[in-house]
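# Understanding the architecture of this molecule
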Amino acid sequence: MTAYVGFYEICSPKKGETVFISAASGAVGQLVGQFAKLLGCYVVGSAGTKQKVDLLKNKFGFDEAFNYKEERDLDAALKRYFPNGIDIYFENVGGRMLDAVLLNMRLHGRIAVCGMISQYNLDQPEGVHNLFCLISKRVRMEGFLVFDHYHLYPKFLDMILPK
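Computed from a prediction, not measured in an experiment: that's the story for all the values here. (Residues numbered from 1 in each chain as written. Predicted model: local features only at pLDDT ≥ 70, side-chain atom pairs only at ≥ 80, totals over all residues. Heavy atoms only, no water.)

Each helix and strand counted, the protein chain has seven helices and six strands in total. Counting from the amino terminus, the protein chain carries its helices and strands in the arrangement α-β-α-β-α-β-α-β-α-β-α-β-α. Expected size for 163 residues packed as a compact globule is a radius of gyration near 15 Å; at 15 Å, the protein chain falls within 12% of this value. Taken along the three principal axes of its C-alpha coordinates, the protein chain extends 45 × 35 × 35 Å. Looking at the protein chain as a whole, 48% of its 163 residues qualify as buried. Across the protein chain, every contact between residues at least 6 apart in sequence was considered, and the portion connecting residues at least 24 apart equals 64%. (Helix = DSSP H or I, 4+ residues; strand = E, 2+ residues; numbered from the N terminus. Rg over C-alpha atoms; globule rule 2.2 N^0.38 Å. Buried < 20%, exposed > 50% of the residue type's maximum accessible area, 1.4 Å probe, protein only. Contact = heavy atoms within 4.5 Å.)

Our focus in this paragraph is the state of the cysteines. Under the counting rule described, the total for this entry stands at zero disulfides. Lacking any disulfide linkage, Cys11 is separated from the closest cysteine sulfur, that of Cys41, by 10 Å. Overall, the relative accessible area of 3% leaves Cys41 in the buried class. (Disulfide = S-S within 2.5 Å.)

Below, the discussion takes up helix H1 (residues 2–10). Buried within H1 are the following residues: Ala3, Tyr4, Val5, Gly6, Phe7 and Ile10. Following H1 by one or two positions, Ser12 adopts a phi angle in the positive range, close to 45°.

The next thing to look at is the packing of helix H4 (residues 74–81) against helix H5 (residues 95–104). Look at H4 against H5: their axes get within 9 Å of each other, and the N-to-C directions meet at 45°. For the element pair H4 / H5, the angle class is oblique. Judged by the twist between their axes, the crossing of H4 over H5 is right-handed. In contact with Leu74, Asp75, Leu78 and Lys79 of H4, H5 contributes Arg96, Met97, Ala100, Val101, Leu103 and Asn104. A breakdown of the residues in the contact of H4 with H5 according to their chemical character gives six nonpolar, one polar and three charged. (Axes fitted to C-alpha atoms, helices over the stretch in contact; angles between N-to-C directions. Parallel < 35°, antiparallel > 145°, perpendicular 65-115°, else oblique. Left-handed = near helix turned anticlockwise from the far one by under 90°. Nonpolar A, V, L, I, M, F, W, Y, C, P; charged D, E, K, R; others polar.)

Spatial ordering of the open sheet is given by S3-S2-S1-S4-S5-S6, a layout of six strands whose pairing is parallel. Among the strands making up the open sheet, the edge pair consists of strand S3 (64–67) and strand S6 (140–143). Strand-to-strand twist across the sheet, computed as the mean angle between neighbouring axes with direction ignored, equals 15°. Here H1 sits on the sheet and contacts strand S1 (18–21), strand S4 (86–91), strand S5 (105–113) and S6; the angle it forms with S4, its principal contact strand, is near 150°. Set on the sheet, H4 makes contact with S1, strand S2 (42–47), S3 and S4; between it and S3 the angle comes to about 165°. (Pairing = 2+ DSSP bridges.)

The subject of this paragraph is the pairing of S4. Of all six residues in S4, six are buried, a share of seventy percent or more. One ladder, built from three bridges, connects S1 with S4; its direction is parallel. In the sheet register, Val19 faces S4, and the bridge partner there is Ile88. Two strands pair when backbone bridges link them, and S4 and S5 are joined in this way by five bridges, in the parallel orientation. Bridge assignment links Phe90 to a residue of S5, and that residue is Ala112.

Here you go:
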């Protein structure tokens, strides 16, 4: 339900758009990627091990995936996978990843903020430095909690259950 709400309701995806998912090998990220592929989007995910990257590409059908721990420059990595920018970002990490994504968003992009795992255990949360991109690129960024959207459960079931 979380993947459904964030992807379909918050991001309003369209066929052919570019989608980036951080922490993509988690339960929610996997589903967002599969929803995006079913819609005909180009999908890239990030994860923290080679095994998780392989899982995303070989089992869950992502177009590409990368190990963020092996990337010294996240901005450059995103430019490599999204040379024309990102339409939709499903945010699960925060911190440096969010900063790099903001630089790579396309005009009128959408960001669903589901989590910020990189920040949860820090004594001093990291700041985000590229927020001006929200203005200059007219990006919509929205945080959400799934329990605010339980009224959509029947719509979710209609989509995922075979007819």
